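The residues making up each chain are set out below.
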Amino acid sequence: MDRNGRPFDVIEQLGALRRYARSLARNSSDAEDLVHDALVKAYERRSTFRSGGNLRNWLLSIVHNTHVDRLRSTLASRRRQDTAALEAEPAYPATQEHAVRLRQVREAFLELPEEQREALHLVAVEDLSYQEAAEVLGVPVGTLMSRVSRARARLRAFEENPGQPHHLRLVGDSDD
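Criteria and cut-off values
Residues numbered from 1 in each chain as written. Predicted model: local features only at pLDDT ≥ 70, side-chain atom pairs only at ≥ 80, totals over all residues. Heavy atoms only, no water. Helix = DSSP H or I, 4+ residues; strand = E, 2+ residues; numbered from the N terminus. Buried < 20%, exposed > 50% of the residue type's maximum accessible area, 1.4 Å probe, protein only. Contact = heavy atoms within 4.5 Å. Expected span 1.5 Å × (residues − 1). Polar contact = N/O pair within 3.5 Å; in protein donor to acceptor, adjacent residues only side chain to side chain. Axes fitted to C-alpha atoms, helices over the stretch in contact; angles between N-to-C directions. Parallel < 35°, antiparallel > 145°, perpendicular 65-115°, else oblique. Left-handed = near helix turned anticlockwise from the far one by under 90°. Patch = residues over 30% accessible without salt bridge, like charges linked within 9 Å, V, L, I, M, F, W, Y side chains within 5 Å. Areas by Shrake-Rupley, 256 points an atom, 1.4 Å probe, with all protein chains shown as cover. Salt bridge = Lys/Arg side-chain N within 4 Å of Asp/Glu carboxyl O. Lys, Arg positive; Asp, Glu negative; His and termini not counted. Charge placed at Lys NZ, Arg CZ, Asp CG, Glu CD. Phe/Tyr/Trp six-rings, centres within 6.5 Å; stacked < 30°, edge-to-face > 60°. Lys NZ or Arg CZ within 6 Å of the ring centre and 35° of its normal. Core = buried A, V, L, I, M, F, W, Y, C linked by side-chain atoms within 4.5 Å. Nonpolar A, V, L, I, M, F, W, Y, C, P; charged D, E, K, R; others polar.

### Topic: the overall build of the protein chain
Here comes step 1: Along the backbone of the protein chain there are seven helices and zero strands.
Here comes step 2: Looking at the protein chain as a whole, 24% of its 176 residues are labelled buried.
Here comes step 3: In the protein chain, 62% of the contacts between residues at least 6 apart in sequence involve partners at least 24 apart.

Here you go:
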């Protein structure tokens, strides 16, 4: 019912709405979905319909706006998917040797003392400046630089002598 107690009758307008939706969507099933969505919106907003106004024109404008909203949503979704596809790096499975080596490096990193590990992580992984990392950790910049330097030295020592007590070892490596 509208404000004056008359029924909000859209049945008479269905033919025009369907024809217009088919011309917009170019597909019968999409057109039916479009009309359905538009009628739901019209019903929800029926209080905004001016009494004495042209119901058919009002409904056709809702069909049009619903169609435009769908197009915009589809385009935005495609742009997001295209951008994500471009930004996604192609993933290739690592060779077994590479996977073992990465695990060894990870373990060496995790074996660093906590203060060195967190300092190196902020600078090398999170790409913070020394000043920013020092602020995050609440230490002077010199202290942070010292921790990063010691962490890098320990990792270099691991690289130079990977046969140390790490439980994983490359088999058939050229250094054997």
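### Thoughts on helix H3 (residues 55-87)
Here comes step 1: Taking 1.5 Å per residue, 33 residues should reach 48 Å; H3 reaches 48 Å between its end C-alpha atoms and fits that length.
Here comes step 2: Taken as a whole, H3 has its buried residues at Leu 55, Trp 58, Leu 59, Leu 60, Ile 62, Val 63, Thr 66 and His 67.
Here comes step 3: Residues of H3 that are buried make contact with helix H1 (14-25) and helix H2 (28-44).
Here comes step 4: With a side-chain oxygen lying 3.0 Å from the backbone nitrogen of Arg 56, the N-terminal cap of H3 falls on Asn 54.

### Regarding the packing of helix H5 (residues 114-125) against helix H6 (residues 130-137)
Here comes step 1: Orientation of H5 relative to H6, taken along the N-to-C sense of each, is 140 degrees, at an axis distance of 9 Å. Relative to H6, the element H5 is oriented oblique. Regarding H5 and H6, the two cross each other, and that crossing is right-handed. Contact with H5, carried on its side by Glu 118, Ala 119, Leu 122 and Val 123, involves Tyr 130, Ala 133, Val 136 and Leu 137 of H6 and no other residues of that element.

### A closer look at a negative patch on the surface
Here comes step 1: A cluster of like negative charges, contributed by Glu 126, Asp 127, Glu 132 and Glu 135, occupies part of the molecular surface.
Here comes step 2: With respect to the helices and strands, Asp 127 occurs in the loop between H5 and H6.
Here comes step 3: Since its relative accessible area comes to 65%, Asp 127 is described here as exposed.

### Overview of the packing of aromatic side chains
Here comes step 1: As enumerated under the stated definition, the model contains one aromatic pair in all.
Here comes step 2: Measuring from ring centre to ring centre gives 5.1 Å for Phe 49 and Trp 58, while their planes differ by 50 degrees; the resulting arrangement is tilted.
Here comes step 3: Since its relative accessible area comes to 11%, Phe 49 is described here as buried.
Here comes step 4: Take Trp 58: its relative accessible area is 17%, and that puts it in the buried class.
Here comes step 5: Geometry around Tyr 43 places Arg 46 over its ring, the cationic atom sitting 4.0 Å from the centre.

### Regarding the nonpolar core
Here comes step 1: If you look at the biggest cluster of nonpolar residues, it comprises 16 residues, and the most contacted ones within it are Leu 17, Ala 21, Trp 58, Leu 59 and Val 63.
Here comes step 2: Contributing elements (two or more residues each) for this core: H1, H2 and H3.
Here comes step 3: In terms of residues, this core owes the most to one element, H3, which gives six residues.

### Topic: the packing of H2 against H3
Here comes step 1: Two numbers describe how H2 lies on H3: the axes approach to 9 Å, and their chain directions differ by 115 degrees. Remark: the crossing between H2 and H3 carries right-handed chirality. Along the contact surface, H2 presents Asp 30, Asp 33, Leu 34, Asp 37, Ala 38, Leu 39, Lys 41 and Ala 42, while H3 presents Trp 58, Leu 59, Ile 62, Val 63, Thr 66, His 67, Asp 69 and Arg 70.
Here comes step 2: When the residues that make up the contact of H2 with H3 are grouped by side-chain class, the tally is eight nonpolar, two polar and six charged.

### Brief notes about the pattern of salt bridges
Here comes step 1: For the structure shown, the criterion picks out five salt bridges.
Here comes step 2: Taking the shortest distance from any N to any O, the salt bridge between Arg 70 and Asp 37 comes out at 2.4 Å. Residue Arg 70 is found in helix H3, and its partner Asp 37 is found in helix H2; the two are separated by 33 residues along the sequence.
Here comes step 3: Looking at Asp 37, the relative accessible area reads 28%, which means it is partly exposed.
Here comes step 4: Across the pair Asp 69 and Lys 41 runs a salt bridge, and its minimum N-O distance is 3.5 Å. Of this pair, Asp 69 sits in helix H3 while Lys 41 sits in helix H2, placing them 28 residues apart in sequence.
Here comes step 5: The class for Asp 69 is partly exposed, based on a relative accessible area of 38%.

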